[in-house]
Amino acid sequence: MTHSDLDSVRRPIATAHGLPNAHYTDPAVFAEERDALMAAEWAGLGVAADVPETGDARPIDFLGMPLLLLRDRAGVVRVFHNICRHRGMILVDAPRRIEGALRCPYHSWCYSTEGRLVSTPHVGGPGQNTATGIDRDTLGLIEVRSHLWMGVVWINLSGDAAPFAEHHADLLARWGEFDHPLHHGGADSCFVLDVACNWKLAVENYCESYHLPWVHPGLNTYSRLEDHYHIEAADRYSGQGTHVYRQLTGPEGQRFADFDGLSSKWDTAAEYIAAYPNVLLGVHRDHAFAIVLTPKGPGHTQEQIHLFYPEADTDADLRARNTAQWKDVFKEDIFVVEGMQRGRHAPAFDGGRFSAAMDGPTHMFHAWVAARMQHHRAQAEAAE
Amino acid sequence: MKTLEAALLAAHDAGDRHALVTLYQQAAEAVSGAERAFFLTQAHVFAMEVAHPAAEALRAQLVEMGREEPL
């Protein structure tokens, strides 16, 4: 891999090449991307609805790192490294509710749900629970910077990204009309797809509308290619919008309620945005969804899909229909992302060429990846 | 004491933290000094874990004995 490979990705779309194969197949590049694209940015970890009640704790393996998603006593969703400060033992190995303190199963050091170290039993000898050098104030759980938006728990592992609201100010403004409480639809409104592709292929496919008439002919019957527009915000997000969103209607004419206060644009508009690096979002007048992509390896991605509504109480049948509808659409994409993944093992593939008219959002994502990787490598070289 | 030991082992096996709080408190009543502090610590840890109503008093006892810090 040379820097010139990435220079060609960053060229104007008409002459640019896509990312080289190694970005989809090479474990070393996968590890680099973990630091350069995931840890350094605001990445999606899960959804707040994964820990709906006070004390709920869910261990999450994120790029090989053991993390813990937890809703503390005050209801605040927090993310910690899922390890005891004593011997590095995994604290929580399956989703469960913390009733009081979080007790390490090894030597029983205890933490509050806010992460504070509150007990170190026998640390100074039997029955002596304090010891010189064990400063509890400095030995709390290691917290990961996190932020909630659109129901998603976003994390910045490096801790040095700009605050989320600043980093994504443009996107927050774009979708400011959806700044209402989102109600997760519950167990029937989430599903997981395990896909044999690199996580970036899921982003790339989601960004663009070019494939819709071919891969989603059902959508094309009412949402034609020419009804779509590109959404492009360099270095932050890209995607597509439609002018002809049609609400789901049940057999008795029932529909979901709208979000309050939407402007008339949203009567028929819907937008689908990939917030770099790994969160795919969709908004409509009557529901929203989030797809959190969890990379499991260079050629394996887990997609967690969650649907949200403006109100807590929604029609169960209609909700099930909506979930099924989206599941069908997302499953239609699997053969293309998996096919592109297999294609990335062809040595002759040069990253491909883009349609300047249709692939802008995808190229924007590639250019972002290339720029971040070049920046990361330059920093690493400077540190040597 | 043998009966108490058996009850403690059974509670550990069952993962019954509430019972462990009670049983370790009972164990502490029969002894003094460091041994008492040991059993009270065991009771306190499990009490904290399950938000047992005795947790606060157990901690206070340990603090008074110079074995623990206040929260």
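Residues numbered from 1 in each chain as written. Chains lettered and ligands numbered in written order. Predicted model: local features only at pLDDT ≥ 70, side-chain atom pairs only at ≥ 80, totals over all residues.

(A) Up close: the overall build of chain B. Helix and strand counts for chain B come out as 4 helices and 0 strands. From first element to last, N terminus to C terminus, chain B shows the α and β order α-α-α-α. Taken over C-alpha atoms, the radius of gyration comes to 12 Å for chain B, in line with the 11 Å a tight globule of 71 residues would show. Taken along the three principal axes of its C-alpha coordinates, chain B extends 30 × 25 × 15 Å. Taken over 71 residues, chain B has a buried fraction of 39%. (Helix = DSSP H or I, 4+ residues; strand = E, 2+ residues; numbered from the N terminus. Rg over C-alpha atoms; globule rule 2.2 N^0.38 Å. Buried ≥ 20, exposed ≤ 12 C-beta atoms within 10 Å, placed from the backbone.)

(B) Summary view of the interface of chain A and chain B. Listed per partner, the contact involves 15 residues of chain A and 15 residues of chain B. Split by residue class, the side of chain A that touches chain B holds 5 nonpolar, 8 polar and 2 charged. (Contact = placed C-beta atoms within 7 Å. Nonpolar A, V, L, I, M, F, W, Y, C, P; charged D, E, K, R; others polar.)

(C) Structural context of the nonpolar core. With 109 residues, the main nonpolar core has Val79, Val152, Ala202, Val203, Ala274 and Ala290 of chain A together with Ala43 of chain B as its most contacted residues. Sequence-distant contacts of Ala202 of chain A, that is, excluding residues within four places in its chain, are made with Val195, Cys197, Leu293, Thr301, Glu303 and Val337 of chain A. (Core = buried A, V, L, I, M, F, W, Y, C linked by C-beta atoms within 7 Å.)

(D) Summary view of the pairing of strand β9 (residues 143–149) of chain A. Residues and elements named next belong to chain A. With 2 bridges connecting them, strand β4 (residues 77–81) and β9 associate as antiparallel partners. Of the residues in β9, the one forming a bridge with Phe80 is Glu143. Bridge analysis of β9 against strand β10 (residues 152–156) gives 5 bridges, and the strand direction is antiparallel. The residue of β10 that forms the bridge with Ser146 is Ile155. What sits between β9 and β10 in their antiparallel hairpin is a turn of 2 residues, with Met150 showing a positive phi close to 55 degrees. (Pairing = 2+ DSSP bridges.)

(E) The arrangement of the sheet that holds β4 of chain A in detail. Residue and element names in this part refer to chain A. Read across the sheet, 7 strands follow the order β1-β10-β9-β4-β3-β2-β5 without closing on themselves; strand pairing throughout is antiparallel. Because the sheet does not close on itself, it has two edges, and the strands there are β1 (43–47) and β5 (96–97). Relative to β10, β1 runs antiparallel, the two sharing 4 bridges. Paired with Gly46 across the bridge in β10 is Val153.

(F) Layout of the sheet that holds strand β8 (residues 117–119) of chain A. Residues and elements named next belong to chain A. Taking strand neighbours across the sheet as the criterion, the 3 strands line up as β6-β7-β8 in an open arrangement whose pairing is antiparallel. In the strand order of this sheet, the two ends are held by β6 (102–103) and β8, each with one partner. Sheet topology note: the strand β7 (residues 110–111)/β8 ladder contains 2 bridges and is antiparallel. Across the sheet, the residue bridging to Cys110 is Ser119, located in β8.

(G) The packing of helix α6 (residues 199–207) of chain A against helix α11 (residues 360–383) of chain A, seen in detail. Residue and element names in this part refer to chain A. Packing of α6 against α11 leaves a shortest axis separation of 7 Å and a crossing angle of 145 degrees. Considering only the axes of α6 and α11, their crossing is right-handed. Of the residues in α11, those touching α6 at Lys200, Val203, Glu204 and Cys207 are Pro361, Thr362, Phe365 and Val369. (Axes fitted to C-alpha atoms, helices over the stretch in contact; angles between N-to-C directions. Left-handed = near helix turned anticlockwise from the far one by under 90°.)

(H) Just unusual backbone geometry, in detail. Residue and element names in this part refer to chain A. Between Tyr276 and the following residue, Pro277, the backbone shows a cis peptide bond with an omega angle of 5 degrees. Its place among the elements puts Pro277 in the loop between β15 (270–275) and β16 (279–283). Of note in the backbone geometry, Leu63 takes a positive phi value of approximately 55 degrees without being a glycine. Positionally, Leu63 belongs in the loop between β2 (56–62) and β3 (65–71). The phi dihedral of Ser108 falls on the positive side, at around 70 degrees, and the residue is not glycine. Tracing the backbone through its elements, the reader meets Ser108 in the loop between β6 and β7.

Shape is all these values report; function is a separate question.
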